[in-house]
Amino acid sequence: MTRNTHDTFTKDWLQELLSDFGTVEIEAQIAGEVRTIDVVFYPSQPSPTDLQAIGLLGRIVQFPCSIEAFHNAVPEWEVRNCTHKLFQLENELIRRTKQKRSNLADTDLPFLWIITPTFSRNLQKQLRAEENQQWGQGIYFRCPADRTAIIAIHQLPKAQDTLWLRLLGRGTIQREAVNELLALPINHPYRQDTIRHLAILQINLQVRQNRTQKLKEVIMNLSPAYEQWLAETLAIGEARGEARGEARGEARGEARGETQARRSIARKLLQEGATMDFVSRVTGLAAAEIETLIETQSD
């Protein structure tokens, strides 16, 4: 998986997931040279009570924060870079507050959370990052003045509380997290949207050429989420078609509903840049019908 593809998934998913709890800024620009932070989040006041639905991630976003997520192990220079961007963001917030002649409490300043798939002991020592008993295994805090913590996904306990962060992991950790997501109750408020984002990520990776072995592994990890999303989308279309058929007395309502669902999926795939051949294999639609959908989208 390339850095850009992973970034896009992480930002889009967190933007939708966290929008219920406060204000989310994606690629927030900071003063000075053009630099961006992956995600900046300001919680609603008072903080929503259903933050528990997203476990540890919900605990993280109880207060203003910036989130920088890495698909590969974060190097030391990137930690420094993220910290520097946090200080620039703080300076910008302080400047705006002074212009409004108001006060900015310490709790109003964002806290930096760096998410990395692995975090070596050597780097832990170099950064003087230590675990905090109140937060548990796999979460390392730097000195209080830095307002920075590093989440080592590979060290997080395997529990529903950490599920939403382990989805950003790699290899077996990500595969197990995807399976745990699919096993959640169908009425979980964030299950379906997360499955949809993972399915879109899988589609984006599937259409890439010159896949590396690591990329193929990620595609395999995400395949169950894609298949579940496809099955549920088709089921919804069939149900709607059947309902229309009953209302109108049409015997072919179910078939029409499935066709509509497949067209809907095809449109989403095309919007994500999938090739006609790939769309045809996934949806079973004929090339001529896909061409019609392309023409309709371009109009």
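The model shown is predicted, which means the values in this text are computed figures rather than measured ones.

### Some remarks on the overall build of the protein
Moving on, step 1. The number of helices and strands found in the protein is eleven helices and seven strands.
Moving on, step 2. Within the span of the protein, comprising 299 residues, buried residues form 47% of the whole.
Moving on, step 3. Within the structure as shown, the protein displays about 15800 Å² of accessible surface, and the carbon and sulfur contribution to it stands at 47%.

### A short note on the nonpolar core
Moving on, step 1. Core analysis: the largest hydrophobic core is formed by 63 residues, its most contacted members being Leu18, Leu57, Ile60, Val61, Trp113, Trp164 and Leu167.
Moving on, step 2. No other element matches helix α8 (residues 213–248), which puts eight residues into this core.
Moving on, step 3. When residues no more than four places from it in sequence are discounted, the contact partners of Trp113 are Ile60, Cys65, Ser66, Ile67, Glu68, Trp135, Ile139, Phe141, Ala149 and Ile151.
Moving on, step 4. Val79, Phe119, Leu127 and Tyr140 belong to the second largest nonpolar core, which has 14 residues in total.

### Here's the deal with the pattern of salt bridges
Moving on, step 1. Tallied over the full model, the rule gives eleven salt bridges.
Moving on, step 2. Measuring nitrogen to oxygen at the nearest pair gives 2.5 Å for the salt bridge that ties Arg196 to Glu16. A residue pair is termed long-range when its members are at least 10 positions apart, and Arg196 in helix α7 (residues 191–206) and Glu16 in helix α1 (residues 3–18) qualify at 180 residues.
Moving on, step 3. Here Arg96 ties to Glu92 by a salt bridge, and the two come within 3.2 Å at their closest N and O atoms. One end of the pair is Arg96 and the other is Glu92, both in helix α3 (residues 76–99) and four residues apart, which spans about a single turn.
Moving on, step 4. Arg96 gets classed as partly exposed once you look at its relative accessible area, which sits at 40%.
Moving on, step 5. When salt bridges that share partners are traced, they join Glu16, Asp193 and Arg196 into one network.

### Focus on the packing of aromatic side chains
Moving on, step 1. Taken as a whole, this structure holds nine aromatic pairs when the rule is applied.
Moving on, step 2. For the pair Phe119 and Tyr140, a centre-to-centre distance of 5.3 Å together with 70 degrees between the ring planes defines the contact as edge-to-face. Of this pair, Phe119 sits in the loop between β4 (111–116) and α4 (121–127) while Tyr140 sits in strand β6 (residues 139–141); the two residues are 21 residues apart in sequence, bridging distant segments of the chain.
Moving on, step 3. Ring geometry for Tyr226 against Trp229: centres 6.1 Å apart, planes inclined by 40 degrees, an arrangement best described as tilted. Linking Tyr226 with Trp229, this pair stays in helix α8, spanning three residues, or about one helical turn.
Moving on, step 4. The exposure class of Tyr226 is buried, given its relative accessible area of 9%.

### As for the pairing of β4
Moving on, step 1. Where burial is concerned, most of β4 is hidden: six out of the six residues are buried.
Moving on, step 2. Every second residue of β4 is oriented toward a common face, with Phe111, Trp113 and Ile115 on one face and Leu112, Ile114 and Thr116 on the other, all of them buried.
Moving on, step 3. As paired elements, strand β3 (residues 65–69) and β4 share five bridges and run parallel to each other. When the sheet's bridge partners are listed, Ile67 is paired in β4 with Trp113.
Moving on, step 4. Tracing the backbone out of β3, into α3 and back to the parallel element β4 gives a crossover that is right-handed.
Moving on, step 5. Where β4 lies against strand β7 (residues 148–152), five bridges are found, and the strand directions are parallel. Its bridge partner being in β7, Ile115 is matched across the sheet by Ile151.

### Focus: the pairing of β3
Moving on, step 1. Counting buried positions along β3 yields five of five residues, so the element is predominantly enclosed.
Moving on, step 2. Of the two faces of β3, the one lined by Cys65, Ile67 and Ala69 and the one lined by Ser66 and Glu68 are each fully buried.
Moving on, step 3. Here strand β2 (residues 35–43) pairs with β3 via three bridges, running antiparallel. Across the sheet, the residue bridging to Val40 is Ser66, located in β3.

### Digging into the confidence of the model for the protein
Moving on, step 1. Residues at a pLDDT of 70 or more form 85% of the protein, whose mean pLDDT is 83.
Moving on, step 2. Throughout residues 243–254 the model reports pLDDT below 50, and contacts reaching past four residues in sequence, or to other chains, amount to nine contacts.

Here is what the cut-offs are and how they apply
Residues numbered from 1 in each chain as written. Predicted model: local features only at pLDDT ≥ 70, side-chain atom pairs only at ≥ 80, totals over all residues. Heavy atoms only, no water. Helix = DSSP H or I, 4+ residues; strand = E, 2+ residues; numbered from the N terminus. Buried < 20%, exposed > 50% of the residue type's maximum accessible area, 1.4 Å probe, protein only. Areas by Shrake-Rupley, 256 points an atom, 1.4 Å probe, with all protein chains shown as cover. Core = buried A, V, L, I, M, F, W, Y, C linked by side-chain atoms within 4.5 Å. Contact = heavy atoms within 4.5 Å. Salt bridge = Lys/Arg side-chain N within 4 Å of Asp/Glu carboxyl O. Phe/Tyr/Trp six-rings, centres within 6.5 Å; stacked < 30°, edge-to-face > 60°. Pairing = 2+ DSSP bridges. Right-handed = clockwise from strand over helix to strand, strands pointing away. pLDDT = per-residue confidence, 0-100.

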